[in-house]
Every structure is written in structure tokens, then in C-alpha cells.
Amino acid sequence: MIKEDIFKKIIAHSKEYGFIFPSSEIYDGLSAVYDYGQNGTELKNNIRRFWWEAMIRLNENIVGIDAAIFMHPRTWEASGHVSAFNDPLIDNKDSKKRYRADQLIEEFLQKTEDKIQKEVEKATGKFGAGFDENIFRTTNPRVIEQQNKYDEIRKRYLKALADDDLKEFYRIIVDTGIVCPISGSKNWTEIRKFNLMFSTQLGSVSEEANTIYLRPETAQGIFVNFLNVLKTGRMKIPFGIAQTGKAFRNEIVARQFVLRMREFEQMEMQFFIRPGTEMQWYEHWKEKRMKWHKAFGFGDEKFRFHDHDKLAHYANAASDIEFAFPIGFKEVEGIHSRTDFDLANHEKYSGKKIQYFDPDTNETYTPYVVETSIGLDRMFFAVLSNAYTEEKVEWEGSAKEERVVLKLPPALSPVQLAVLPLTRKDGLPQKAREIIDRLKYDFNCQYEEKDSIGRRYRRQDAIGTPFCITIDHQSLADDTVTIRYRDTMLQERISTDRLPEIMRDKVSMTELLRKL
Ligand code: ATP
């Protein structure tokens, strides 16, 4: 199936089964804003909990806070967002569509690389065992031509990025003949800078009004609370402060579902360290965070690092963790070495001394920071798209049919146990509720009595419920039920006493945390 088709199918599935809805849909939605439905919220909460516990429970020296979205406007001057949080914007005059110039060039480079890779793959198939890729790459005229084009454009692009040269961006777009994917034309406007922060007014009387911003990242709420946490938590460097919460960016191009939203959620941790130790901690957190991603069990090949070509205004080293989404590898998390940029600037702008006396070295310094910053919505979609599976199966002896099943890690599933009475009479519903009442304190249970058992199984598969139990007349007599496992579809008869033991290991977050 074409990758874009799978992407679209997952989007449709997530709406049909209560994971994600377009925001204010009855008014035709709001561009790049989404609501989480009943199942999506449970799944999102579970991913957030996995992150929170991995950070805070498993690390003695990391604590969590919850800062406000609104912050003093000076915060964003100090952080550099007022002057430097811009994207290069370009419009196509025919389609009237808006693009990020840097993304257009990066896509061009990616396509050129893909073309070269295709030639190599074709030749590998043709020449078989004796094929030497190096010789092929250095002698094949088509590959050489593409490679030269790639190298030249990449060099110009990196220089333009470093120099912040918008005119050169424009020249690259013209020289490479990049066309608008909608109109197919090369009729471009000039490139302008566009600040991504949303602003609003604080106060009800206009004279008192004061422009404030919706935070574009959660990190600043941590920096401005550094001294508070340091003192009240009696923290000692190295230590971290973590938080999860909403962030807002007026993205120019927001066409990839929850991968690029205007309101999204971040899970960030700022780790405060002694200057000069940042590279060691940067490597440490890169490794730790990769381990967290791999603990989901999606397959190690699904994740990779991508080091930044251009560093943000605050960073001296930065790497992304990318996930193989159905539409290709995309960033889900950034690990950044932010030096003392933020704390030093907040000291300058606030006039408050923001320093640390290190009892181990008897020095006073402005701590350096290594941060890990993950987008919860992107992670959500990574989990969902990895779980989405279409299979041909036999339903109770009938001909083969397709089933859609979400093979979610059971600890993350919105519903962990579905309890299904075979009929709505003879006391079976009562028995089902009695079992739920016993288990609901430890597991998220759902009662379902509508439709045939087969259809109910299919609905539970579609939301990723790892266990279904069926209550029949025998259940009344001997307290046994039929348990059905989502992935294997195997069924067995068990005593209800065994349910907690069967489920606990599989659905417990502890098992995920133990992998870290
Ligand atoms: P990109 O290059 O994709 O715009 P970024 O490098 O600007 O992302 P960061 O500022 O490092 O992103 O933010 C940390 C994380 O927040 C990202 O790894 C991503 O998962 C998430 N994120 C950033 N922007 C968005 C968005 N518009 N929608 C959803 N998630 C986002």
C-alpha cells in the first residue's frame, strides 16, 4: 500500500474510534488544532505517565513542576524568542499556498538523495553478488550528476542557514526549479521572516493592556523557576526539572495531522550541570532517551538520531530522535545542549542573580543545561501508527476476513479489559458487572453487551484492548470465563481468580519502566 494511504487510513481510524477529532468540527474544524477523544485521552495519559515516571520516579535528582502558560513578556525577550523565533516564509502566487523556504529546499535534497539510492538499489539487483557500490557511485554518470547537484545545493543551503541569508534561500529555490506541489508553478514571492509566537492582551481595560505571548515551549517555565526549585528542593547539581504541558506555535505549514499542530503538548526536562561537563551529559541523555523510545518494543530500526545542521540560537550541540512514521522518518524529540544561554539571559533581563554555589568545587557559576524535549502528540502518533495493523483472519470458522487491530503495548491501551456478557439476560450482565467491580481498581475495564461477540471483539481490537472476557451460563455455575487474547486471538477457559495474575504482568507500566 502507498505510504500516504496508510497515513490517511490511520487518521480516519483515529477519528472513527474516538482517538482524535478535528477541533470544533461542527464549525468545519480549525486548521492544525485537534481534540483527543475518549480513547485518545487514555492513550495520551498513559504515554505521558510513562515519560513522567521514567523521568521523576526513576531519577532521584529530577523533580517535576507545572508552570503557567502565560509568562511575563520579558521572558520571551530574554529567551530570544521575540527576536529569533522566526521561520522563512514563501508564498506561491498561483496556488496562494504558503511554505517554509527551508523545508522546500530540504525536501528537494531528500528527493535527490532518494533518486541516487534508487539507482544504487536497481544496480544491486541487476549485478548481484559481485556488485561494488563504491565503484558504481563513482563511475555511473547519472549518479555522479545527481551527487554533484546534491553536494552543491547542500553546501549553499548550509551557508545560507548559517548566514541567515533569505535572498540566497530564494536563489536556491529558483536555481533548483522547485515548483509548488499544488499549482506546479515556479511563481514565488520573496521570502519573509515570520514570528511563530501567538500574542494576546493581558487585562480587561485597553490602557492597561499588555502584550503577552502563549508560550512556544515549556522550557522557560522551568528556567524562571530554577532558583525556587533549587532552594525549596535543596537540590544539588547535577539535577533536573521536568514538566509536561501545552505549547503554541503559529506554524506556517501545518498539514501533517498531529505532527505539526498550532497547539500541542511538550514533555521537557532541563538538566542543570557544571560548565564543561555538557558534552558528557549530552551523550548521557541521548542514550537514555533512545532507550526510553526503544522500550516500547517497536523494533530498534524504527528510531534513529539526526544531528542538527543548524543549531538553534541557544544551543551548542543538538540531535533529534526520529521515528519511522508511515510518511518517513520525522523528529519526535530533541536533545539540546543549551549552555548557560537561558539562565544567563534571565539574570541579565530580570536583574536577579541566578547562580549556583558548588560545594564540591567551591565555585560559583551559572549552570549549563542539557534538555530533552519531546512532543507528546508526535509520540502519540508514533505509537498509534506503529500499532495499526491490518490482518487477514478467520473469524470463528468463517471465510478469511480483514481485521484492523491496534497492537498497542498493553500498558498503554485505553481499555485493558473488556467484559462481554454473552446475552443480556439470565443474570449474565450482573455477573459481568460483579467482575468489573472486583477489577476496576487495578485495571481500566469496559462493559459491552451490544451486538454479537464477534463484532464486539472487532471493536475491541480496533481500540487495542489486550484482553476480552466472555461471560456465559457456565460462568454463573463455576466462576470461569473465556479469555481472548488480542494479538493471537487465542481463547481459553480460566477461573476469574486468575485474571489479575494473567493481566498484571502484561498491562503494568512497571514492566515498561524496568526496561530502562
Ligand atoms: P520542527 O523542526 O519539526 O519544527 P522543532 O525542532 O522546532 O520541530 P523543538 O522546538 O525542538 O521542535 O520542540 C521539541 C518537540 O516538540 C519536537 O521534537 C516535536 O516533537 C514537538 N513539536 C514541535 N513543534 C510541534 C508542532 N508544531 N506540533 C506538534 N509537535 C511539535
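Keep in mind that this is a model prediction, so the values were computed, not measured. (Residues numbered from 1 in each chain as written. Predicted model: local features only at pLDDT ≥ 70, side-chain atom pairs only at ≥ 80, totals over all residues. Heavy atoms only, no water.)

Trainee: What's the story with the overall build of the chain in this structure? I'm lost.
Mentor: Helix and strand counts for the chain come out as 18 helices and 23 strands. Along the first, second and third principal axes, the C-alpha set of the chain runs to 80 × 65 × 55 Å. Here the chain, with 516 residues, has 50% of them falling under the buried criterion. Put simply, of all contacts in the chain between residues at least 6 apart along the chain, 66% involve residues at least 24 apart. If you sum the accessible surface of the chain, you get close to 25,400 Å²; carbon and sulfur atoms cover 49% of it. On the chain, the mean spot of the 78 positive side-chain charges and the mean spot of the 81 negative ones are 2 Å from each other. (Helix = DSSP H or I, 4+ residues; strand = E, 2+ residues; numbered from the N terminus. Buried < 20%, exposed > 50% of the residue type's maximum accessible area, 1.4 Å probe, protein only. Contact = heavy atoms within 4.5 Å. Areas by Shrake-Rupley, 256 points an atom, 1.4 Å probe, with all protein chains shown as cover. Lys, Arg positive; Asp, Glu negative; His and termini not counted. Charge placed at Lys NZ, Arg CZ, Asp CG, Glu CD.)

Trainee: Can you walk me through the state of the cysteines in this structure?
Mentor: Covalently bonding the sulfur atom of one cysteine to the sulfur atom of another cysteine gives a disulfide. Considering all chains together, one arrives at zero disulfides under this definition. No disulfide involves Cys445; its sulfur sits 11 Å from that of Cys468, the nearest cysteine. The class of Cys445 is buried, set by a relative accessible area of 17%. (Disulfide = S-S within 2.5 Å.)

Trainee: Explain the packing of aromatic side chains to me, please; I cannot follow it from the model alone.
Mentor: A ring pair, where both rings are aromatic, is described by two values, the distance of the centres and the angle of the planes. In the structure shown here, the tally under the stated rule is 26 aromatic pairs. With a centroid separation of 5.9 Å and an interplanar angle of 40 degrees, the aromatic rings of Tyr157 and Phe169 are classed as tilted. Of this pair, Tyr157 sits in helix α7 (residues 141-163) while Phe169 sits in helix α8 (residues 166-176), and the two are 12 residues apart along the sequence. According to the relative accessible area criterion, Phe169 is buried, its value standing at 4%. Among the aromatic residues, those joined into a ring-pair cluster are Phe7, Tyr34, Phe50, Phe257, Trp292, Phe296, Phe298, Phe303, Phe323, Phe325 and Phe381. Positioned above the aromatic ring of Tyr36 is the side chain of Lys44, whose terminal nitrogen or guanidinium carbon lies 4.1 Å from the ring centre. (Phe/Tyr/Trp six-rings, centres within 6.5 Å; stacked < 30°, edge-to-face > 60°. Lys NZ or Arg CZ within 6 Å of the ring centre and 35° of its normal.)

Trainee: Help me out: how do you make sense of the sheet that holds strand β6 (residues 192-195) in this one?
Mentor: Backbone-to-backbone hydrogen bonds join strands into a sheet, with any given pair of strands oriented parallel or antiparallel. Strand order in the open sheet formed by three strands is β5-β4-β6, with antiparallel pairing between adjacent strands. Looking at strand neighbours, the two that pair on one side only are β5 (98-100) and β6, the edges of this open sheet. Between one strand and the next, the sheet's axes are offset by a mean angle of 45 degrees, whatever the strand orientation. Strand direction decides the pairing type here: strand β4 (residues 86-91) and β5, joined by three bridges, are antiparallel. Counterpart to Leu89 in the pairing with β5 is Arg100. Contacting β4 and β5, helix α5 (residues 101-127) runs over the sheet at an angle of about 70 degrees to β5. (Pairing = 2+ DSSP bridges. Axes fitted to C-alpha atoms, helices over the stretch in contact; angles between N-to-C directions.)

Trainee: I'm lost on the packing of α7 against α8 in this one. Help?
Mentor: In helix packing, the relevant descriptors are the interaxial angle and the interaxial distance, both defined with respect to the helix axes. Between α7 and α8, the shortest axis-to-axis distance is 9 Å and the interhelical angle comes to 160 degrees. Classified by the interaxial angle, the pair formed by α7 and α8 is roughly antiparallel. Relative to α8, the crossing made by α7 is left-handed. Between α7 and α8, the residues in contact are Ile153, Arg156, Tyr157, Ala160 and Leu161 and Glu168, Phe169, Arg171, Ile172, Asp175 and Thr176, respectively. Among the residues forming the contact of α7 with α8, the class breakdown is six nonpolar, one polar and four charged. (Parallel < 35°, antiparallel > 145°, perpendicular 65-115°, else oblique. Left-handed = near helix turned anticlockwise from the far one by under 90°. Nonpolar A, V, L, I, M, F, W, Y, C, P; charged D, E, K, R; others polar.)

Trainee: What am I meant to see in the domain arrangement of the chain here?
Mentor: How big an interface is tends to be reported as the loss of accessible area on association of its parts. When cut into domains, the chain gives domain 1 (38-69 + 196-404), domain 2 (86-195) and domain 3 (408-514). Summarising the inter-unit geometry, the C-alpha centres of domain 1 and domain 3 are found 35 Å apart. Across the boundary between the two partners, domain 1 contributes 22 residues, which contact 21 residues of domain 3. Contact between domain 1 and domain 3 buries roughly 1,800 Å² in total, counting both sides, with carbon and sulfur atoms accounting for 65%. Taken together, the links from domain 1 to domain 3 amount to two salt bridges. Residue Glu401 is joined to Arg458 by a salt bridge in which the shortest nitrogen-to-oxygen separation is 2.9 Å. Put simply, domain 1 and domain 3 have six residue pairs in polar contact (both at pLDDT 80 or more) between them. Mapped onto the side of domain 1 that touches domain 3, the elements with two or more residues apiece are α2 (38-57), α13 (376-387), β17 (388-394) and β18 (400-406). No other element matches the nine residues that α2 contributes to the side of domain 1 that touches domain 3. (Domains from an automatic or database assignment. Buried area = accessible area lost by both parts, 1.4 Å probe. Salt bridge = Lys/Arg side-chain N within 4 Å of Asp/Glu carboxyl O. Polar contact = N/O pair within 3.5 Å; in protein donor to acceptor, adjacent residues only side chain to side chain.)

Trainee: What's the story with the side chain of Asn46 in this structure? I'm lost.
Mentor: Note that Asn46 resides in helix α2. Accessibility expressed as a relative area gives 11% for Asn46, which makes it buried. At 2.9 Å, the side chain of Asn46 and the backbone oxygen of Leu412 are in polar contact. Excluding its chain neighbours within four sequence positions, the residues that come into contact with Asn46 are Ala411, Leu412, Ser413 and Met509.

Trainee: What should I look at first to understand the site of the ligand in this one?
Mentor: As a matter of local geometry, the ligand sits amid 17 residues, with Glu251, Arg260, Met261, Glu331 and Val332 nearest to it. Glu331 places a side-chain nitrogen or oxygen 2.6 Å from an oxygen atom of the ligand. Contact between the ligand and Gly375: an oxygen atom at 3.1 Å from a main-chain N or O atom of the residue. The protein chains hide 86% of the 590 Å² of surface that the ligand would expose on its own. Elements represented by at least two residues in the shell around the ligand include exactly β10 (263-273), β13 (328-339) and β16 (368-375). Sort the elements by how many residues they give to the shell around the ligand and β13 lands first, with five residues. Grouping the constituent residues of the shell around the ligand by class yields five nonpolar, five polar and seven charged. (Near = heavy atom within 4 Å.)

Trainee: What exactly am I supposed to notice about the nonpolar core here?
Mentor: Across soluble globular proteins, nonpolar side chains have a tendency to be buried as a group. If you look at the biggest cluster of nonpolar residues, it comprises 59 residues, and the most contacted ones within it are Leu43, Ile47, Trp285, Trp292, Met379, Phe381 and Val383. Of all the elements, α13 adds the most residues to this core, at eight residues. For this core, the two domains that each supply at least three residues are domain 1 (38-69 + 196-404) and domain 3 (408-514). (Core = buried A, V, L, I, M, F, W, Y, C linked by side-chain atoms within 4.5 Å.)

Trainee: How do you make sense of the packing of α5 against α8 when you look at a structure like this?
Mentor: Running from N to C, α5 and α8 cross one another at 40 degrees; their axes reach a closest spacing of 10 Å. In this view, α5 runs oblique relative to α8, as classed from their interaxial angle. Between α5 and α8 the crossing geometry is left-handed. Contact residues: α5 offers Ala101, Asp102, Leu104, Ile105 and Phe108, while α8 offers Phe169, Ile172, Ile173 and Thr176.

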